[in-house]
Amino acid sequence: MAAGPPVTISIEAACENQVQEVALDGTEAYVQPLSMSENLAKLAQKIDFNRSDSEGEEQDAGAGEEWAQRQQDSDDEEAILKFQPSLWPWDTVRNNLRSTLTEMCVLYDVLNVLKEKKYMALDPVSQDPPPSKQGLQLCGKKKSLAGAAQILLKGAERLNKSVAENQEQKRQRDFNSELLRVRQHWKLRKVGDKILGDLSYRSAGSLFPHHGTFEVIKNTDLDPDKKIPDDYCPLDILIPSDLEGSAYIKVSIQKQAHDIGDLGTVNLFRRPIQKPNSGTAHWQTKLEAAQNVLLCKEIFAQLSREAVQIKSQIPHIVVKNQIISQPFPGLQLSISLCHFVNDKKAQKMPSEKHRSDDHLYVLEHNLHQLIREFHKQTLNSSVMPHPATAPFGLKRMRLAGSQAYDKGEINALQQNEGLLEKIIKQAKHIFLRRRTAWTIDSLASRIEDPQIQAHWSNINDVYESSVKVLITSQGYEQICKSIQLQLNIGVEQIKVVHRDGRVITLSHQEQELQDFLLSQMSQHQVHAVQQLAKVMGWHLLSFSNHVGLGRVESIGNASAVTVASPNGEYSISVRNGPESGCKVVVQFPRSQCKDLPKSDVLQDNKWNHLRGPYKEVLWNKMEGRNFVYKMELLMAALAPCP
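Rules behind the numbers
Residues numbered from 1 in each chain as written. Predicted model: local features only at pLDDT ≥ 70, side-chain atom pairs only at ≥ 80, totals over all residues. Heavy atoms only, no water. Core = buried A, V, L, I, M, F, W, Y, C linked by side-chain atoms within 4.5 Å. Buried < 20%, exposed > 50% of the residue type's maximum accessible area, 1.4 Å probe, protein only. Helix = DSSP H or I, 4+ residues; strand = E, 2+ residues; numbered from the N terminus. Domains from an automatic or database assignment. Contact = heavy atoms within 4.5 Å. Axes fitted to C-alpha atoms, helices over the stretch in contact; angles between N-to-C directions. Parallel < 35°, antiparallel > 145°, perpendicular 65-115°, else oblique. Left-handed = near helix turned anticlockwise from the far one by under 90°. Nonpolar A, V, L, I, M, F, W, Y, C, P; charged D, E, K, R; others polar. Pairing = 2+ DSSP bridges.

Caption draft 1: Just the nonpolar core, in detail. Counting residues in hydrophobic clusters, the biggest one holds 44 residues, and the most contacted among them are Leu235, Ile249 and Ile335. For this core, the secondary-structure elements that each account for two or more residues are helix 4 (134-185), strand 5 (213-218), strand 6 (235-238), strand 7 (246-255), helix 5 (282-309), strand 10 (331-340), helix 6 (361-379) and helix 8 (419-446). In terms of residue count, helix 5 provides more of this core than any other element does, 11 residues in total. Residues lining this core come from more than one domain, with at least three contributed by each of domain 1 (177-257 + 282-342 + 358-378) and domain 2 (422-517). Other than its neighbours up to four places away in sequence, Ile335 contacts Ile249, Lys250, Val251, Phe300, Leu303, Asn321, Gln322, Ile323, Leu420 and Ile423. Counting 23 residues, the second largest nonpolar core, distinct from the first, contains Val529, Leu532, Val574 and Leu634.

Caption draft 2: Representation of the packing of helix 9 (residues 510-536) against helix 10 (residues 627-638) in the model. At a minimum axis separation of 10 Å, helix 9 and helix 10 run at an interaxial angle of 40 degrees. One way to sum up the angle between helix 9 and helix 10 is to call them oblique. Classified by chirality, the crossing of helix 10 by helix 9 is right-handed. Judged by residue contacts, Gln525, Ala528, Val529, Leu532, Ala533 and Met536 of helix 9 engage Phe627, Val628, Met631, Glu632, Met635 and Ala636 from helix 10. In terms of residue class, the contact of helix 9 with helix 10 is built from 10 nonpolar, one polar and one charged.

Caption draft 3: Structural detail: the pairing of strand 15 (residues 503-506). Relative to strand 15, strand 14 (residues 494-497) runs antiparallel, the two being bridged by four bridges. Bridge pairing links Lys495 to Thr505 in strand 15. The hairpin formed by strand 14 and strand 15 contains five residues between the paired strands, and Gly501 there has a positive phi angle of roughly 100 degrees.

Caption draft 4: Region of interest: the environment of Val563. With respect to the helices and strands, the residue Val563 is situated in strand 17 (residues 559-564). Classification of Val563 as buried rests on a relative accessible area of 1%. Distance from Val563 to Leu541, taken between C-alpha atoms, is 5.2 Å for residues 22 residues apart in sequence. When neighbours within four sequence positions are excluded, Val563 is seen to be in contact with Ala533, Trp538, His539, Leu540, Leu541, Tyr570, Ser571, Ile572 and Met635.

Caption draft 5: Broad picture of the sheet that holds strand 12 (residues 465-472). Read from one edge to the other, the open sheet built from five strands follows the order 11-12-13-14-15, with strand pairing classed as antiparallel. Single-partner strands in this sheet number two, and they are strand 11 (451-456) and strand 15. The sheet shows a mean angle of 25 degrees between the axes of neighbouring strands, taken without regard to direction. The sheet contact formed by strand 12 and strand 13 (residues 483-489) spans seven bridges and is antiparallel. Residue Val469 lies in a different strand from strand 13, and its bridge partner there is Leu485.

Note that all results are geometric; they support no functional claim without further evidence.
In structure tokens:
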């Protein structure tokens, strides 16, 4: 290359790259130049390999002649140049590669000159800085940003409008679907532009005059700019103000107050508000609570009406939201309507605090059942049959049929008890049953011997219950089973059925039942001695449940039994009373009584085999866990050895 002609070296590119795009901020994007491989491929694509050599030569020759003729016509002074056509198809590629090689060699020489520093040193040329255009650039950027912001604001406005329209359509669809769900559970009707529902039990037979109407409205409290909460409901329920909150009927039996003039509005303990079940709609819980308030008001109104109409020996008292009745002397039945509104604060009772266990939930449940039965009777009331069943015609043919009602049956059908009478009877039965259970438990805890056991029946009626009472001795349950009582607890009395079928009727007084059980426990000890004597081989001489001699018992009568040993030498007499307790005496043979005076009348020795006087046993000092065990030890000690 050093031997060739001088070549002008240019470091800059021959031509600038083409501008592809100008951004909003003024930045220019250029088209990237082709690489060597891409340039080679582009040049190779220009070659027509389908053309033959002869055609190429003819075309080249024709082109050469034409070019020569043109040159000859334009300039006659120039010599005729001879055109030598290319005879090789890769001639252009070769020429380009040669020129590329030349340029690469030049570039290599230039880089060596710049890198080695021994051929030539290049110093930068100082130039004046270009004038600053920051203000112009800032204005351009500001204008570009304002345009972009305007575009974004228009897009955001359209998006918000679209989202609001979608939410409104979704709310409308949700409102309709939720309204359909309400219609599936509650009666709805459209009155004008309002949607009204019915909470009352008129369709079930209720005669309560309250309209019980609620209104279904669209919920518009939600802000469209905020996110929809999880518990959002597209509709809301408007119920009457007197049906808001929660209510229940409290039934309690208390001791009679000294002064009934202090009665007023009862503020009872607040029942905890039940949490709605998961998945239950808000309107469903609200409507159920309002319907419960309406039902409680209907129950209390019916009870108040009956309390005023019923004529009893002790009149019922109705004071505001409380009904007072006296089922038994010294006791009062209180039925109260407790209505709690969430917006109002519960007032504190100035008197004593009410306990949460004085509420009889059973009677509250029975009141709801009774009012539903009343609704059913009202709905399905059958027409009273006529006393004469015959076709219309002459009077002599209008005779009574075989299925006609007589006067007694018609009067029986007309005598129907109301809610208040039924609930008072149930309250009497519950109180009598509780008092009976308390009496049996107190006796069982106070008296250890004999033991008293109570087995309550699981199948009871609202007006009658039964309990089986067993009186046994510990360790002798199999042989001492003589006292088995069946107590049938009714409304105002208790019927006691003995094992032998005898029936005794007791009143509601607690003392009567207690005295009866004490007398039965006293008789059990005597019966136990009788059964034990049979097991141990002793002979029964006498037995009586009602002894006419000795101290008179204030509770029942004393019982006595006398048994003799197997050989007849000893005898034991037992007298047991409910109040006096147990007394045991033993009669010994005359031969063992040395302190007996000798008689001149009884001279024969055979009279010595008779038993002598009785001696009392110090029963409290004997060892043993109970009465029957002590009696067994005594019989074993007096019985002869085998």
